[in-house]
Amino acid sequence: MPYEAEPMDEVDPVCKMEVDPEQAHDLGLETEHGGVRYVFCSKACRAAFVAEPARYAGVEERPAL
Ligand SMILES: [Zn+2]
């Protein structure tokens, strides 16, 4: 049974967990890097990203070799 009415979840770039963007916003678990907004499941993941944004933000651009 298809169910496509769910709000779009975003992925925590640190732990790859799906995060509800609205909830992350309410909890302050978001940040911006290079014009892109990132959301996190916890303060620990947000802190890890903020400490090394390039390490996590660059993951999706890694060549699929
Ligand atoms: Zn996380």
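In case you missed it, the structure is sitting above this.
Structure report, in brief. What you see is a predicted model; the values in this text were computed from it and never measured.

Moving on, we come to the overall build of the protein. Counting its secondary structure elements, the protein contains three helices and four strands. Across the protein, helices and strands are ordered from the amino to the carboxyl terminus as β-β-α-β-β-α-α. Within the protein, buried positions represent 22% of all 65 residues. Considering only residue pairs separated by 6 or more positions, the protein has 36% of its internal contacts joining residues 24 or more positions apart.

Let us look at helix H2 (residues 43-51). Along H2, the residues that are buried comprise Cys45, Arg46 and Phe49. Projected down its long axis, H2 shows its buried positions confined to an angular sector of 100°, all on one face. In this structure, H2 carries Lys43, Ala44, Ala47 and Ala51 as exposed residues pointing more than 90 degrees from its buried face. In the core, the buried residues of H2 are packed alongside strand S3 (30-33), strand S4 (36-39) and helix H3 (53-57).

Both S3 and S4 contribute to a ladder of four bridges, which runs antiparallel. Within S4, the residue paired with Thr31 across the bridge is Tyr38. Counting the residues that bridge the hairpin from S3 to S4 gives two residues, and of these Gly34 lies at a positive phi of roughly 60°.

Thresholds applied
Residues numbered from 1 in each chain as written. Predicted model: local features only at pLDDT ≥ 70, side-chain atom pairs only at ≥ 80, totals over all residues. Helix = DSSP H or I, 4+ residues; strand = E, 2+ residues; numbered from the N terminus. Buried ≥ 20, exposed ≤ 12 C-beta atoms within 10 Å, placed from the backbone. Contact = placed C-beta atoms within 7 Å. Arc of directions from axis to C-beta. Pairing = 2+ DSSP bridges.

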